[in-house]
2 protein chains.
Amino acid sequence: MSELPGLFAPERVAVVGATERDGSVGRAVTANLLEFDGDVVPVNPGTETVFDRACYPDLGSVPDPVDLAVVVVPADIAVDVVHDAGEAGIENVVVLTAGFGETGSKGATRERDLQETASEYGLNLVGPNSVGVMSTAVNMNATFGPEAAQDGSISFMSQSGAFITAVLDWANDRDIGFRDVVSLGNKAVLDERDFVAAWGESDDTSAVIGYLEDIADGSGFIETARAVTQETPIVVVKSGRTEAGAQAASSHTGAIAGSERAYEAGLEQAGVIRAETVEELFDAATMLDGQPLPESDGVAVITNAGGPGVLATDAIGDSQLELASFTDDTLDSFAGSLPDEANIYNPVDVIGDAAAERFSDALDVALADPNVGAALVLACPTAVLSFEALAEITTATQAEHGLPVAACLMGGESTADAQSVLDDAGIPTYFDPARAVTGLDSLARYREISTREYEAPTTFDVDETAAREIIERAAERPSNALGIEAMELLDAYGIPTPEGTVVDTPSDAERRAAEIDGDVVMKVASPDIQHKSDIGGVRVGVPDDAVADTYEDLVARAKNYQPNATVLGVQLQEQIDLDAGTETIVGVNRDPQFGPLLLFGLGGIFVETLEDIAVRVAPVSEPMAAAMIDEIDAAPLLRGARGRDPVDEAALVETIQRISQLVTDFPSLLELDINPLVATPDGVVAVDLAATIDPEELDR
Amino acid sequence: MSELPGLFAPERVAVVGATERDGSVGRAVTANLLEFDGDVVPVNPGTETVFDRACYPDLGSVPDPVDLAVVVVPADIAVDVVHDAGEAGIENVVVLTAGFGETGSKGATRERDLQETASEYGLNLVGPNSVGVMSTAVNMNATFGPEAAQDGSISFMSQSGAFITAVLDWANDRDIGFRDVVSLGNKAVLDERDFVAAWGESDDTSAVIGYLEDIADGSGFIETARAVTQETPIVVVKSGRTEAGAQAASSHTGAIAGSERAYEAGLEQAGVIRAETVEELFDAATMLDGQPLPESDGVAVITNAGGPGVLATDAIGDSQLELASFTDDTLDSFAGSLPDEANIYNPVDVIGDAAAERFSDALDVALADPNVGAALVLACPTAVLSFEALAEITTATQAEHGLPVAACLMGGESTADAQSVLDDAGIPTYFDPARAVTGLDSLARYREISTREYEAPTTFDVDETAAREIIERAAERPSNALGIEAMELLDAYGIPTPEGTVVDTPSDAERRAAEIDGDVVMKVASPDIQHKSDIGGVRVGVPDDAVADTYEDLVARAKNYQPNATVLGVQLQEQIDLDAGTETIVGVNRDPQFGPLLLFGLGGIFVETLEDIAVRVAPVSEPMAAAMIDEIDAAPLLRGARGRDPVDEAALVETIQRISQLVTDFPSLLELDINPLVATPDGVVAVDLAATIDPEELDR
């Protein structure tokens, strides 16, 4: 992927549909572009000049090369204009025109035409139905919105145009600046993945933020974002989190969103920090933009008021951060310099009569402590404290130490000047101690992300050919479901199953049962009968001397239930003592955006009633599979809680990985459930497997 | 309790320690009082006048009656001054002086003297170590803080003085007004309970807010707040939520805080809305202050932008609220009046070209819908929308319908004028849709609280005399623990136990065992042996023919283990089949602030590993006990999940209530655990009980 220089740093921009007509979108975008550092070329067959610039009838007539065409023509000629752009050798196009996929079947057809045209010429196309793009580096505001972004280094993408307008109106008051801004529109060609990639390549973007209602290609996004987030933080509001929200999002953009579970897992695997609200988005972004990363999770709180210090401490307790434990040297230093009434332990209370110097002396000592990774300066108004002096001196102390600092100034207008001093130095300011801590927490979260080592998934030696045959055979059935061969599929991928076989005579059954230790489980083997239990087609705990009779009975039941059913015989299986182990479940679902979702949990009530599950987008590496087990609340049950012997966790981890490999190898495996996968101290055994196949995927 | 009129509406206020000395607290408070509607009387033996007012040497010399004395003298003479106040017949005293309980043992002694003096004269005493009190109704600012509160109807108490200063500085910029403000200080006499009671009595307080680090008398607070919150909402930040925060709070105020679980349960039982952050506190308070209560949880969202509408919908999904389903009439009306591109379903998107009138027409239609209890007006900046016109017209529409409305204006300075129009009408405004929804949610939460019907706890017919004898006997032991008589204690309170008895010969054991169905459990009966299992003193599943031998063996083990132990014989018990029921736990702990905390959960891993428990402060009514069962995640396991028969839930509810009655009757019962309480479809049976006694409580 490229940095998309023609889109964000063009030299010549053509506006197709440029006009001076009052109240028109064409006028708004052309007027906004008058500040642009490069050339603006109006294109409109109906006029000679627009804002005193020579106007051309069409893109083909423009004499010099154009880097970017902004399209604001009516929907019915928009595709033709994009075609013209391609013919004219223009590589970048932003389509502001609405009336495409968001408006019904005619619009959808138009959007497909647009995609084909873009594909034909290899265009970088933004939109349609976009508010436009901005780049403060070249003073380009190619949008029809009322506000231009201020200069900065946060790059911003949004699937809602109004969200951009609203945020810029608000951010400009707070002196929050941006580098590039893009309104994604319908994402017919370029989408979030492309912009994340482009900004990841660019040295001028310090942080990427986004408002997204869906992610078009979940697994592709994970791949790209995972690489980018090793260098550049990405913070995203993904709306439609709740069921009601997802419905509202789909009626808004027409996008079919995947499940919330998939987004939660996918964004986490991509290293994307997820914000739930607009304020959280900017609290995180301004901190990531302005402050260095901490080296540890320990925070020092320096305050002139005990109560707010307690509130900050509570917020730290809720976060990934921890209240730093000071070294003896630090404590000695505080004891020597602070008044007797001060609290020298964290949160440090420099007490109400502190002027700015006492704050910054304490900050200086705290930031020198090896246990301190970041600091929070938390000040309430007093007669002796000048907020501005505090701001100046905090800025200097922060710069000296190079560690992140947040400032919580608990006041109103009296803090305004101090705020702008701190803002200019990149130190975010807050009123509420809890939000200041959330800001610092985003640094700690990003530190974890940027230092992640993504391990490749293990490739196990498996019998893919055997698996393919089993799946293809199952796909031929009307049910598309795996039957007695389910266990063979697991065998092919090296997942332990109970000893067993299919027998087709009572005597054979008797002979084979004798080879199996203990009682056996017997199931009628018929590809035509789905719910074997319902017709009494399954027997457990069959002793060897009852095997022949049970065989006869099972087959008779099957024939009686469905006279024309093909009955292959009876499946004979070693009976696993469920009480000797812990029942777990490994499952797979397909998500429309993210593909195969792996699920792990404990059997019985844990998955069904308590919803205590861990989810990942496949494929997973070994550490990821291990983390799935860590994540469930009931994990202690696998690890020796209540006097049980710990189970063979490595075998569980390996099974999750082997299933991950299986569903990655076979996109046709639509759903799959090993339930139960019994875990014991000596290993695991998959007692039952249900799986369905999507024959269409098989043909691909 | 009274409205404390002498404190918040005095006619004459004396300031003991009044002075004009620069930088002194005495000057600050006297200067702040110059605006007071009533008379201010300086008291100071060292000067003739203060700010041109005649100054008296002591309180006894002031000729006219004084309603309130504000004390700003040095700590070593403060108690004498309070004594003078009592002698002079002054009923209300605010002690600003520090150097009491917060500073060590000398200060603690001084605080006890202060309490005794206050008690001697029946004083309403605020502090010591308080920033003071304010009442905007009489323009009284009897604090030494830099800012006075603006006029309003929210009353505000804080255990942190700096928190008051910070909040007023911030609130004054936002035109948030207050009625009474009190800095609680060390709460030597008056505490949160007194102010909640006083403001509950007053018609001029629309909402009570508080910052608290502890609650001195938990159960008393519940009793008072429960009554007040039926009429007046209370919103509180209780800091020290997290372990780190609780430590910070205790080092700040020296208060020993109870457990977070107790506060969570206690505040909920008191009908207090708990805010976690300062912003949440004010988002809730301004909404409760300014808007009527909704009649249902359905919210209509009217927006000019789809994306922010999705964010609001997500926040609604996270709250107690729901997105209202419009009636057909409403949908028809929208379809007839809104443009084709609009979304007429909730969230209603009036689209980007809407002026204020289209918003308010839609709001008018939505508020008339019987399914709508409240509305959110959510506007992004556009070329055609005037925020001020929107504010005016929204205010009028809200007033017409009398239903609560919140406004989310997603912009910066451009929304300022509109904000003040809405603020003046009591309609809170927000930038972030999620916070607007949180504001509306606090109305819904308070509606639930204000309509609660608190049922009295059931009093069961029990044998209190028998219980007392058992407890007194146990208290005489060094262990203070109940032994074999534990089951008798449950019997006395009507809680089913396994059939059983204590026998003192092998033959008696054999005879009695034969009367009990099935195998029996046998435990050595000795008050001197605590951990019977450890010495092999417990046998389960003993068949009748092994009872005599087991008797001999158990007694021999006991004698062998501890030759001088008193061995009463052997306890014989019906063996309960644990697999036939579901193991639950009913437990009790004592919290230093709230007293007896009842705990309910499922046995095994549910309480220990998953911490899936419900907690209430005893005593509990029947609906409260039933709610404890509802609250646990594993409740479906009691209700027929996974093919089990539902247990006798009424018997569980009754057992919780009976235990509640037991621990309320006997404050000496320090800890108690029925584990397991086996629940079956036919009832419950308490298989084991552990309990410890506090002999000191017994003497009281």
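For chain A, the name recorded in an unreviewed UniProt entry is acetate--CoA ligase (ADP-forming), with Halococcus dombrowskii as its organism. As recorded by UniProt, the Catalytic activity (unreviewed entry) comment attached to chain A reads in full: "acetate + ATP + CoA = acetyl-CoA + ADP + phosphate".

**Q** I'm lost on the sheet that holds strand β23 (residues 538-542) of chain A in this one. Help?
**A** Adjacent strands of a sheet pair through backbone hydrogen bonds, lying either parallel or antiparallel. Residue and element names in this part refer to chain A. Taken in spatial order, the four strands make up an open sheet running β21-β24-β22-β23, and their pairing is antiparallel. A single partner strand is all that each edge strand has here, and the edge strands are β21 (500-503) and β23. The sheet shows a mean angle of 20° between the axes of neighbouring strands, direction not considered. Relative to strand β24 (residues 569-574), strand β22 (residues 520-525) is paired through six bridges, and the arrangement is antiparallel. In the sheet register, Val524 faces β24, and the bridge partner there is Val570. Lying on the sheet, helix α19 (residues 506-515) is in contact with β21, β22 and β24; it crosses β21 at an angle near 170°. Its contacts with the sheet put helix α20 (residues 547-561) on β21, β22, β23 and β24, and the angle it makes with β22 is roughly 30°.

**Q** What's the story with the pairing of strand β29 (residues 683-686) of chain B in this structure? I'm lost.
**A** The side chains of a regular strand alternate, residue by residue, between the two faces of the sheet. Residues and elements named next belong to chain B. Covered by surrounding structure in β29 are Gly683 and Val685 together with Val684 and Ala686, the residues of both alternating faces. Pairing between strand β28 (residues 669-680) and β29: four bridges, direction antiparallel. The residue of β29 that forms the bridge with Leu677 is Ala686. The hairpin turn running from β28 into β29, its antiparallel successor, is two residues long.

**Q** What exactly am I supposed to notice about the domain arrangement of chain A here?
**A** Many authors give the size of an interface as the accessible area that is lost as the parts come together. Residues and elements named next belong to chain A. Once the domains are mapped, chain A shows domain 1 (5-287), domain 2 (291-450), domain 3 (499-574) and domain 4 (578-699). Distance from the C-alpha centre of domain 1 to the C-alpha centre of domain 4: 40 Å. Contacts between the two partners involve 17 residues from domain 1 and, on the opposite side, eleven residues from domain 4. Taken together, both faces of the contact between domain 1 and domain 4 bury some 1100 Å²; the carbon and sulfur share is 60%. Per-residue buried area on domain 1 facing domain 4 is highest for Arg261, Ala262 and Gln269; these three make up 43% of the total on that side. At the boundary of domain 1 with domain 4, the tally comes to zero salt bridges.

**Q** Whenever I open this one, the packing of helix α12 (residues 328-337) of chain B against helix α13 (residues 356-367) of chain B confuses me. Can you help?
**A** Axes are the key here: two packed helices are described by the angle between their axes and the distance separating the axes. Residue and element names in this part refer to chain B. For the pair α12 and α13, the least separation of the axes is 9 Å and the interaxial angle reads 165°. It follows that α12 is roughly antiparallel to α13 by the angle criterion. Between α12 and α13 lies a crossing whose hand is right-handed. For the pair formed by α12 and α13, the contact residues are Thr330, Ser333 and Phe334 on the first element and Ala362, Val365 and Ala366 on the second.

**Q** I would appreciate a short explanation of empty space enclosed by the protein in the present structure.
**A** Sizing a probe to match a water molecule and rolling it over the atoms shows the empty space that remains. All names here are of chain B. Tallied over the entire structure, the rule returns four cavities of 30 Å³ or more. Of the voids in this model, the largest cavity is the one considered here, and its volume is about 60 Å³. Taken together, Val235, Ile273, Arg274, Ala275, Glu280, Ala284, Thr438, Ser442 and Arg445 make up the full set of residues lining the largest cavity. Residue assignment for the lining of the largest cavity shows that the elements contributing at least two residues are β14 (273-275), α10 (278-290) and α16 (433-450). Each residue belonging to the lining of the largest cavity can be placed in one class, and the counts come to four nonpolar, two polar and three charged. Split by domain, the lining of the largest cavity shows at least three residues from each of two domains, domain 1 (5-287) and domain 2 (291-450).

**Q** It is not clear to me how the relation of the copies chain A and chain B should be interpreted in this structure. Could you clarify?
**A** The two chain copies are connected by a rotation around an axis plus a translation along it. Superposing chain A onto chain B takes a rotation of 180° plus a shift of 0.0 Å along the axis, which leaves an RMSD of 0.1 Å. What we have between these two chains is a two-fold relation. In this assembly the copies share their binding face: 98% of the residues contributing to the interface of chain A also contribute to that of chain B.

**Q** Any chance you could explain the side chain of Ser135 of chain A here in plain terms?
**A** Residues and elements named next belong to chain A. In this structure, Ser135 sits in strand β8 (residues 132-135). For Ser135, a relative accessible area of 0% puts it in the buried group. In contact with Ser135, other than residues within four places in its own chain, are Phe8, Met140, Arg179 and Asp180.

**Q** I keep staring at the packing of aromatic side chains and nothing clicks. Help me out?
**A** What describes a pair of aromatic rings is the distance from one ring centre to the other and the angle between the planes of the rings. In this structure the tally under the stated criterion is 25 aromatic pairs over all chains. On the numbers, 4.5 Å between centres and 5° between planes, the contact of Trp170 of chain A with Phe431 of chain B is stacked. Here Phe431 of chain B lies in the loop between β20 (429-430) and α16 and Trp170 of chain A lies in helix α5 (residues 161-173), a pairing that spans two chains. This pair shows no difference in class: Trp170 of chain A is buried, exactly as Phe431 of chain B is. A ring pair is formed by Tyr263 of chain B and Phe594 of chain B, whose centres lie 5.1 Å apart and whose planes are at 85°; its orientation type is edge-to-face. Separated by 331 residues along the polypeptide, Tyr263 of chain B in helix α9 (residues 260-269) and Phe594 of chain B in the loop between β25 (582-591) and β26 (595-602) bring together distant segments of the chain. A single burial state applies to Tyr263 of chain B and to Phe594 of chain B, both of which are buried. What links up through ring pairs into an aromatic cluster is the set Phe156, Phe163, Trp170, Phe178, Tyr211 and Phe282 of chain A together with Phe431 of chain B. Lying across the ring of Tyr263 of chain A, Lys238 of chain A places its NZ or CZ 4.3 Å from the centre.

**Q** For this particular structure, what's the right way to read the interface of chain A and chain B?
**A** Contacts between the two partners involve 63 residues from chain A, matched on the other side by 62 residues from chain B. For the pair chain A and chain B, the summed buried surface comes to about 4800 Å²; carbon and sulfur atoms form 67% of the total. The interface formed by chain A and chain B includes four salt bridges. With a shortest N-O distance of 2.7 Å, Arg241 of chain A and Asp318 of chain B are connected by a salt bridge. Taken together, the connections running from chain A to chain B amount to 24 residue pairs in polar contact (both at pLDDT 80 or more). Contributing elements (two or more residues each) for the side of chain A that touches chain B: α5, β13 (234-238), α8 (243-253), α10 (278-290), α11 (306-318), α16 (433-450) and α21 (605-608) of chain A. The dominant element in the side of chain A that touches chain B, judged by the number of residues it contributes, is α11 of chain A, at ten residues.

**Q** Before we go on, may I ask you to explain the pattern of salt bridges in this structure?
**A** Close approach of charged atoms lets side chains of opposite charge pair. Applying the stated criterion to the full structure yields 57 salt bridges over all chains. Across the salt bridge formed by Arg12 of chain A and Asp39 of chain A, the nearest N and O atoms sit 3.4 Å from each other. Here Arg12 of chain A is found in strand β1 (residues 12-16), whereas its partner Asp39 of chain A is found in strand β2 (residues 39-43), with 27 residues between them in sequence. Residue Arg179 of chain B is joined to Asp180 of chain B by a salt bridge in which the shortest nitrogen-to-oxygen separation is 3.8 Å. Overlapping salt bridges, with partners in common, bring together Glu279, Asp283 and Arg435 of chain A together with Glu279, Asp283 and Arg435 of chain B in one network.

The rules we used
- Residues numbered from 1 in each chain as written.
- Chains lettered and ligands numbered in written order.
- Predicted model: local features only at pLDDT ≥ 70, side-chain atom pairs only at ≥ 80, totals over all residues.
- Heavy atoms only, no water.
- UniProt positions renumbered as here; feature names shortened; annotations may be inferred.
- Pairing = 2+ DSSP bridges.
- Helix = DSSP H or I, 4+ residues; strand = E, 2+ residues; numbered from the N terminus.
- Axes fitted to C-alpha atoms, helices over the stretch in contact; angles between N-to-C directions.
- Contact = heavy atoms within 4.5 Å.
- Buried < 20%, exposed > 50% of the residue type's maximum accessible area, 1.4 Å probe, protein only.
- Domains from an automatic or database assignment.
- Buried area = accessible area lost by both parts, 1.4 Å probe.
- Salt bridge = Lys/Arg side-chain N within 4 Å of Asp/Glu carboxyl O.
- Parallel < 35°, antiparallel > 145°, perpendicular 65-115°, else oblique.
- Left-handed = near helix turned anticlockwise from the far one by under 90°.
- 1 Å grid on protein atoms, 1.4 Å probe; cavity = no way out; pocket = protein on both sides within 12 Å on 5 of 7 lines; lining within 4 Å.
- Points joined across faces, edges and corners; volume = space filled by probe spheres on them.
- Nonpolar A, V, L, I, M, F, W, Y, C, P; charged D, E, K, R; others polar.
- Least-squares fit on C-alpha atoms with pLDDT ≥ 70 in both.
- Phe/Tyr/Trp six-rings, centres within 6.5 Å; stacked < 30°, edge-to-face > 60°.
- Lys NZ or Arg CZ within 6 Å of the ring centre and 35° of its normal.
- Polar contact = N/O pair within 3.5 Å; in protein donor to acceptor, adjacent residues only side chain to side chain.

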